[in-house]
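Letter by letter, the chains look like this.
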Amino acid sequence: MDIISVMNDKALKGTKKRAAVIELIVSGSLNCEQIEAISTEINDKQMATILEAIEEISNKGSAQLSSS
């Protein structure tokens, strides 16, 4: 699933959406350049979800996230 699909998936709410974004980043499927490219296509709430995912990765460390 790509980032636009995750952002537009009505079935994913709050923490599950953030967890999906984290998985995309940790797996290498989503990088900073892609986030910058889609930043004009998504709304502020969706961008906040992405930024919260990045914050969680930096706080926990990617090794801990990929093993959970």
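Keep in mind the model is a prediction, meaning the values are calculated, not measured.

Chemist: Summarise the packing of helix α2 (residues 14-26) against helix α4 (residues 44-60); cite the residues concerned and give the values.
Modeler: At a minimum axis separation of 9 Å, α2 and α4 run at an interaxial angle of 60°. Judged by the angle between their axes, α2 and α4 are oblique. Seen from above, α2 lies across α4 with right-handed handedness. Facing Lys 17, Arg 18, Val 21, Ile 22, Ile 25 and Val 26 of α2, the residues of α4 in contact are Thr 49, Ile 50, Glu 52, Ala 53, Ile 54, Glu 56 and Ile 57. For the contact of α2 with α4, the residue count by class is 8 nonpolar, 1 polar and 4 charged.

Chemist: If you had to explain the nonpolar core to someone new, which residues and values would you point to?
Modeler: In terms of nonpolar packing, the biggest core is built from 15 residues, with Ile 3, Val 6, Met 7, Val 21, Leu 30, Ile 42 and Ile 50 touching the most fellow members. Broken down by secondary-structure element, the contributors of at least two residues to this core are α1 (3-8), α2, α3 (32-38) and α4. Look past the residues within four positions of Val 21 in its chain and what remains in contact with it is Ile 3, Val 6, Met 7, Leu 30, Thr 49, Ile 50 and Ala 53.

Chemist: Which residues make up α2, and what are the values?
Modeler: Because an α-helix packs 3.6 residues into every turn, residues spaced three or four apart end up facing the same way. Its 13 residues place the ends of α2 18 Å apart at the C-alpha level, agreeing with the 18 Å of an ideal helix rising 1.5 Å per residue. Just past α2, the residue Gly 28 takes up positive phi, approximately 90°.

Chemist: Lay out the pattern of salt bridges with the relevant residues and their values.
Modeler: On inspection of all chains with the given rule, the structure shows 3 salt bridges. Among the salt bridges present, the one from Arg 18 reaches Glu 52, with a minimum N-O distance of 3.7 Å. Residue Arg 18 is located in helix α2, and its partner Glu 52 is located in helix α4; the two are separated by 34 residues in the primary sequence. The exposure class of Glu 52 is partly exposed, given its relative accessible area of 37%. Salt-bridge contacts for Glu 56 lead to Lys 60; the nearest nitrogen and oxygen are separated by 3.3 Å. Here Glu 56 and its partner Lys 60 are both found in helix α4, 4 residues apart, which amounts to about one turn of the helix. For Glu 56, a relative accessible area of 18% translates into the label buried.

Definitions and cut-offs
Residues numbered from 1 in each chain as written. Predicted model: local features only at pLDDT ≥ 70, side-chain atom pairs only at ≥ 80, totals over all residues. Heavy atoms only, no water. Axes fitted to C-alpha atoms, helices over the stretch in contact; angles between N-to-C directions. Helix = DSSP H or I, 4+ residues; strand = E, 2+ residues; numbered from the N terminus. Parallel < 35°, antiparallel > 145°, perpendicular 65-115°, else oblique. Left-handed = near helix turned anticlockwise from the far one by under 90°. Contact = heavy atoms within 4.5 Å. Nonpolar A, V, L, I, M, F, W, Y, C, P; charged D, E, K, R; others polar. Core = buried A, V, L, I, M, F, W, Y, C linked by side-chain atoms within 4.5 Å. Buried < 20%, exposed > 50% of the residue type's maximum accessible area, 1.4 Å probe, protein only. Expected span 1.5 Å × (residues − 1). Salt bridge = Lys/Arg side-chain N within 4 Å of Asp/Glu carboxyl O.

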